[in-house]
Amino acid sequence: MKIGELSKKSGCSIQTIRYYEREGLLLNPNRSEGNFRLYDSKALKQLEFVKHCRSLDISLNDIKRLIELKNKPEESCSSVNALIDQQLALVNKRMKELRALKAELQQMASACGSDNTIEACGIIKTLDS
């Protein structure tokens, strides 16, 4: 299949597919006589793997590492577990930060009635301080 069909089947844009190729997350595709990229079901599966990892907010470097490990099935999965533990710690940190952000925004929202003028707006005063 050509890149457009791969894009439709995977839900990734053509630009994203090309980017992943440049970054080494996808194998370089075969080329047709007209120099079009040609992909097979293996490429689609690779792309779906990368896409799933990105949906978990795993970094491109970590995805590369996971792909390397995936290609060494005889090795221990301890490094995969460590990578996911690290990702989970990042998510927990971000969640804590987002809860603090939510609390601050809620406090700001309650600082101002909708019928105030900008000059008397509690939100603007909070942001200004």
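Note that this is a predicted model, so its numbers are computed, not measured. (Residues numbered from 1 in each chain as written. Predicted model: local features only at pLDDT ≥ 70, side-chain atom pairs only at ≥ 80, totals over all residues. Heavy atoms only, no water.)

A. The overall build of the protein, seen in detail. Counting its regular elements, the protein contains six helices and two strands. Counted from the first residue to the last, the protein has its helices and strands arranged as α-α-β-β-α-α-α-α. At 23 Å, the protein has a C-alpha radius of gyration far larger than the 14 Å of a compact globule built from 129 residues. Burial analysis of the protein (129 residues in total) assigns 23% to the buried set. Residue pairs in contact within the protein that sit at least 24 positions apart in sequence constitute 39% of those at least 6 positions apart. Here the protein has roughly 9,500 Å² of accessible surface; of this, 53% comes from carbon and sulfur atoms. Of the charged side chains in the protein, 21 are positive and 17 negative; the average position of the first set lies 5 Å away from that of the second. (Helix = DSSP H or I, 4+ residues; strand = E, 2+ residues; numbered from the N terminus. Rg over C-alpha atoms; globule rule 2.2 N^0.38 Å. Buried < 20%, exposed > 50% of the residue type's maximum accessible area, 1.4 Å probe, protein only. Contact = heavy atoms within 4.5 Å. Areas by Shrake-Rupley, 256 points an atom, 1.4 Å probe, with all protein chains shown as cover. Lys, Arg positive; Asp, Glu negative; His and termini not counted. Charge placed at Lys NZ, Arg CZ, Asp CG, Glu CD.)

B. Fine view of the confidence of the model for the protein. The predicted model of the protein has a mean per-residue pLDDT of 93, with 100% of residues at 70 or higher. Element-level mean pLDDT values for the protein span from 88 in strand E1 (residues 30-31) up to 96 in helix H3 (residues 41-55). (pLDDT = per-residue confidence, 0-100.)

C. Just the side chain of Ser7, in detail. One can find Ser7 in helix H1 (residues 3-10). In this view, Ser7 contacts Cys12, Ser13, Ile14 and Ile17; residues no more than four positions away in its chain are not counted.

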